[in-house]
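Secondary and tertiary structure notes
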Amino acid sequence: MPSRYDWVIWTVFWSGLALTALFVGGPVLDALWLSLHQASSFIAEPRFVGLANYGRVVVDPEFWRAMGNGLFYALTSIGLQVVLGIAFALVLNQTFPAQRLVRGLATLPYLLPTVVVALTFQWLSDGSVGLVTVLMRDLGFGTIPWFEQPWTARMSVVLASVWLWTPFVTICVLAGLQTIPPALYEAARVDGAGPVALFWHVTLPQLKPVLTVVVLLRGIWMFNKFDIIWLLTKGGPLGATEHLPIMAYKRAFSLFDVGGGAAVATLSFLMLSIVVTIYLRLFPLEEKR
Amino acid sequence: MASVTLQGVSKSFGSMAVVDAVDLSIDEGEFMVLVGPSGCGKSTTLRMIAGLEESTGGTIRIGGRDVTRLEPRERNIAMVFQNYALYPHKSVRENLAFGLKMRGTGKAEIEQRVTRAAQMLKIENLLARKPRQLSGGQMQRVALGRALVREPDVFLFDEPLSNLDAKMRVHMRDEIARLHRAVGTAMIYVTHDQVEAMTLGDRICVMRDGVVQQVGRPLEVYDRPANRFVAGFIGSPEMNFVEGAIEQRDGRLVFAAGEFTIPLAPAMAGTGKVTLGIRPEHLERDPSGFAARVVHIERMGDESVLTLDAGVALRVLIDRDDDVAEGDTLRFAAPPHRLHLFDKEGKTLRI
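By size, the foremost hydrophobic cluster in this structure holds 102 residues, and its most contacted members are Leu156 and Ile188 of chain B. Top element by residues in this core is helix H4 (residues 136-149) of chain B. It accounts for 7 residues. In this structure, this core is formed jointly by two domains, domain 1 (4-233) and domain 2 (240-342) of chain B, each of which donates at least three residues. In contact with Ile188 of chain B, not counting residues within four places along its chain, are Val4, Ile26, Met32, Leu34, Leu46, Ile49, Val154 and Leu156 of chain B. Among the nonpolar cores identified, the runner-up in size contains 35 residues, and Val57, Ile228, Met247 and Ala262 of chain A belong to it.

Have a look at this one:
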């Protein structure tokens, strides 16, 4: 039905589409184009090489190691965020004094800039004067080389990420908890359910739609996460925390292998798309009628 | 099967008493209806019996066992909720089986009990469905079934029919009555609908502001309401109330309110200001009665409700009469034994 607001809708729609094409579609296509060319720097004239960059990257053990690191980082940090996020939300959903204040404080990490968090973690875990380092040493645990050993570095990155982004899960789950009809809990209590059964048979199934979205969003973000890892370890030590985004960045901007970097980024994007598609098949966002 | 006894059961928030010292006993196999306007404490009373709400005073016994401080699951009760409260992600079969599963009943017995309950409620063909694929009436049946399979000591119903349309409500009312006859277990049923109370209850308990007003068989409550509140709450259309006094006129005992007088039975002696109660269905056309002008007519088919001006406003329920028109003056009388008198506090003056 034509109306006098039609022009508003058209203007907003087309300008939105144009901006998206320019600032999202453009770089994506440019990266795709670059991945099919050989260029040893951003200045040199790119030379078309077909799929040679992909061939080169796929046989590179560094690529598969980065892939493994990325999966480890994404899966552990999402897993911990979701478990802790649900736990915190369950606690915050209880009634207790100063509830609003505590709820506000609990979301604080999420509001901090990543740089601040990274610097704080580095300072806490500094090898000689770090608060945690000193505390652990004085308690007799010895000096833990947080960012110097591969596995401690991996765990440190995961911990910082979990600390930073768990509040997102907490907020979403808390909102989800408040939509659960109290009568369901009452019916289950009358039916004989204890606290564990209540969580398992009422809370968790009722949270499923929220958790589906949360895991999807966090999954995409954690797989593509660049800033926190770069700030904490730059992918080190010895590539232990180097995942695909960092590898792509290093290829393109440190080694000036622009084509190779673009190929890594494209492969990363492709794999994420496949995983997301499978995920949405398994857990459709809209309930089937 | 068990009886339920409430002794001085109370619930208060600070100084506000929502339920105030309720004494009530429900016999084995009895159908007790708690009825009253919203906020009268009937639901809170039921929820205290269920253990979903903690009582702040008094004792609740089920089958002689003191359950006042027990968890709902330790009371062996089953409850049907207003919004059905079916587990949305579970199939009808799983909904029915859940309570038994929680209690560690064996697989074979669960299967057998679920099948039996499904047959009783005619929901066998729905067992594989999810609640969202059911109509309101079907969901209510499943909710009944979930209570039924448990074979509890007592069934609790919290306004179970208020979300259904009028026709389905009448149907499910019969269904619940039939169920009660079949299982013979005590049932406590909360409703604000006095028709449900009258038709379902072996006895009804009328509540107001957290206080029990009267407990009795439905017709007993209808015939002999304990006070003005009960008299007004039970019966439809509502009882007429007229403020006035008992007087002697021409050697006869009458109730008088200005011009309006109506003869009383000689035994209804009393003095001073009283309130007269007459049910609309107890006023009859009578050439020797008082005169009243018809102000308004509501024709409901078989019957009509007339609003009368007889010096005081009265409503009358009469059989269909197409000749009566607004503005007519007619004569009415009521049999003296159908009249009710209430004192200043609203208490019934017993004859």
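With that out of the way, let us pick up the domain arrangement of chain B. Residue and element names in this part refer to chain B. On domain assignment, one finds that chain B holds domain 1 (4-233) and domain 2 (240-342). Here domain 1 and domain 2 have C-alpha centroids that lie 39 Å from each other. In this assembly, 5 residues from domain 1 lie in contact with 5 residues from domain 2. When grouped by side-chain class, the residues that make up the side of domain 1 that touches domain 2 number 2 nonpolar, 2 polar and 1 charged.

Bringing the interface of chain A and chain B into the picture now. With 13 residues of chain A at the interface, the matching set in chain B holds 16 residues. Elements with a minimum of two residues in the side of chain A that touches chain B: helix H9 (182-190) and helix H10 (195-224) of chain A. Among the elements that line the side of chain A that touches chain B, the one with the most residues is H9 of chain A, at 6 residues. Broken down by class, the residue content of the side of chain A that touches chain B amounts to 8 nonpolar, 2 polar and 3 charged.

The next thing to look at is helix H1 (residues 42-50) of chain B. Counting buried residues along H1 of chain B, 9 of its 9 residues qualify, which places the element largely inside the surrounding structure. Positive backbone phi, approximately 90°, marks Gly51 of chain B, located one or two places after H1 of chain B.

Backbone hydrogen bonds are what pair the strands of a sheet, in a parallel or an antiparallel way. All names here are of chain B. On the basis of which strands lie adjacent, the open sheet formed by 6 strands has the order S6-S7-S8-S3-S9-S10 and mixed pairing. The strands lining the two open edges of the sheet, one partner per strand, are strand S6 (77-80) and strand S10 (211-216). For this sheet, the mean angle separating the axes of adjacent strands, direction not counted, is 20°. Here strand S7 (residues 154-158) runs beside strand S8 (residues 186-191); their pairing, made up of 5 bridges, is parallel. From the neighbouring strand, Phe155 faces S8, where its bridge partner is Met187. Relative to S6, H4 is tilted by about 175°, and along the sheet it contacts S6 and S7.

A few words now on the sheet that holds strand S16 (residues 303-309) of chain B. All names here are of chain B. Pairing is antiparallel across the open sheet formed by 4 strands, whose spatial order is S17-S16-S15-S18. Bordering the open sheet on either side are strand S17 (313-319) and strand S18 (329-333), each of which pairs with just one other strand. Within the sheet, the average angular offset between the axes of one strand and its neighbour, ignoring direction, is 55°. The pairing of S16 with S17 spans 7 bridges and is classified as antiparallel. Along S17, the bridge assignment pairs Thr307 with Arg315.

Criteria and cut-off values
- Residues numbered from 1 in each chain as written.
- Chains lettered and ligands numbered in written order.
- Predicted model: local features only at pLDDT ≥ 70, side-chain atom pairs only at ≥ 80, totals over all residues.
- Core = buried A, V, L, I, M, F, W, Y, C linked by C-beta atoms within 7 Å.
- Buried ≥ 20, exposed ≤ 12 C-beta atoms within 10 Å, placed from the backbone.
- Helix = DSSP H or I, 4+ residues; strand = E, 2+ residues; numbered from the N terminus.
- Domains from an automatic or database assignment.
- Contact = placed C-beta atoms within 7 Å.
- Nonpolar A, V, L, I, M, F, W, Y, C, P; charged D, E, K, R; others polar.
- Pairing = 2+ DSSP bridges.
- Axes fitted to C-alpha atoms, helices over the stretch in contact; angles between N-to-C directions.

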